[in-house]
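# Coordinates in review
The residues making up each chain are set out below.
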Amino acid sequence: MNKVATQYKILNESNTDEIMLVWPEKHMNSDFSIELEINYAHIINLLIHHEIKTYIVASENNDSSVLTNIRKKNNNNMLKILNYECDDIWIRDYGPLIATTHIPDQRVGLTFEYNAYGEKYNYNNDKKFSKILKNYFTPKITCYDEKRLSSRIVFEFGNLTYNDDICITNINSIREHNEGRDIVNQIKILFEDNIHQRLYFIDCPGITGDDTDGHIDNLVRLDGKKILYMGTDYDKHPDFKLLRNLERQLLQLRSNLKDDYEFIKINHGANTIMNNSKNDMLPFSYLNYLKVKDIIMLPVPDKIESKEKNIFSNIFNEKKIEFIDSRPFIVEYGGIHCATLNWYKYE
């Protein structure tokens, strides 16, 4: 008789209550290094203000005065430093995804292979990060363990959006980071055998400036029974055609879903077109937000009107929204969702 695989239910971000970040010490040569550190300090202070325990991953010899001040102002009950030298700050993509099992209180960190988006960057330390976490979260104390879903498939969790019932990923990113191999069927079977949520796909290139080749967290996000998607009515937006194609794919997805979902277009107007000092377009998306417990940390462009903020207040009407300056992140080609990892309270 074949052994039945354990079913892992991905823990809804609203049911997580702690956050992990990597201190941006490897980005200190950036034009926005000062702003990036200040932004990190602001986000960490907001998390702690909302009683979200925060873990900061930093090397042992980190000498940042900003980080030192944060440590002085907060006690160990709400802030903890994990000593490890990561290659990059995009912890969402190489960190584990927290899931539950049939065993009460057990938490499992799901992992895949990682190769820094098709070996675009250094990743020798990042690929070991999930195993390093077990030194801090030992199973006997924290009921935490790691489960490698595949050692052959590259998959980043910034390319997965989910609720309690379904999850959605972008085939384009998977294909590009697996040397062009068509592994969709393998992933379908892997999710069917191991994951409680039903898996659905889109197939869409990344928005302009996106070096992840189309991570879903810029394009589509699930929030309960709401499916939020990036769109634009501005015909001069560089991604106008791409986003129209995305909208057509989501119409097909709507017909395939077993449950009723509210599809909400998040309009990206002219004010969301952001460039760097070389006039290269940066990958801004409102959808690259952080959700933890009942908190939404929403990235905003350089200029945003109060009526736009009110739109998000209506969409996330049962949550507390903090608006976060996106520029220090997107000049590094990422966002606040990419730079954070949802965690769980085990005490």
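One can find the structure itself at the top, above this paragraph.
Residues numbered from 1 in each chain as written. Predicted model: local features only at pLDDT ≥ 70, side-chain atom pairs only at ≥ 80, totals over all residues. Heavy atoms only, no water.

## Considerations on the overall build of the protein chain
Across its full length, the protein chain carries 12 helices and 17 strands. If one aligns the C-alpha atoms of the protein chain with their principal axes, the spans along those axes are about 60 × 50 × 40 Å. Counting only contacts in the protein chain whose residues sit at least 6 apart along the sequence, the fraction spanning at least 24 positions is 77%. About 15800 Å² of surface is accessible on the protein chain, with carbon and sulfur atoms providing 45% of the total. (Helix = DSSP H or I, 4+ residues; strand = E, 2+ residues; numbered from the N terminus. Contact = heavy atoms within 4.5 Å. Areas by Shrake-Rupley, 256 points an atom, 1.4 Å probe, with all protein chains shown as cover.)

## Looking at helix α10 (residues 240–256)
Taking 1.5 Å as the rise per residue, α10 with 17 residues should run 24 Å; its terminal C-alpha atoms sit 25 Å apart, in good agreement. Buried within α10 are the following residues: F240, L242, L243, L246, L250 and L253. One side of α10 carries all its buried residues, which in axial view fall inside an arc of 145°. Opposite the packed face of α10, turned more than 90 degrees from it, sit the exposed residues K241, R248, L251 and S255. Each element contacted by the buried residues of α10 is listed here: β9 (166–170), β10 (198–202), α9 (216–219), β11 (220–223), β12 (226–231) and β13 (262–267). (Expected span 1.5 Å × (residues − 1). Buried < 20%, exposed > 50% of the residue type's maximum accessible area, 1.4 Å probe, protein only. Arc of directions from axis to C-beta.)

## Points about the sheet that holds strand β6 (residues 107–111)
What the four strands build is an open sheet, ordered β1-β5-β6-β7; its pairing is mixed. A single partner strand is all that each edge strand has here, and the edge strands are β1 (9–10) and β7 (144–148). Where strand β5 (residues 97–100) and β6 come together, four bridges link them in antiparallel fashion. Opposite T100, over in β6, you have R107 as the bridge partner. Where helix α5 (residues 129–136) meets the sheet, its contacts fall on β6 and β7, and the angle it forms with β7 comes to roughly 165°. (Pairing = 2+ DSSP bridges. Axes fitted to C-alpha atoms, helices over the stretch in contact; angles between N-to-C directions.)

## Considerations on the sheet that holds β12
The mixed open sheet is built from three strands, whose spatial order is β11-β12-β13. The strands lining the two open edges of the sheet, one partner per strand, are β11 and β13. Along the sheet, successive strands turn relative to each other by an average axial angle of 25°, direction set aside. Sheet strands touched by α10: β11, β12 and β13. Its angle to β12, the strand with the most contacts, is close to 160°.

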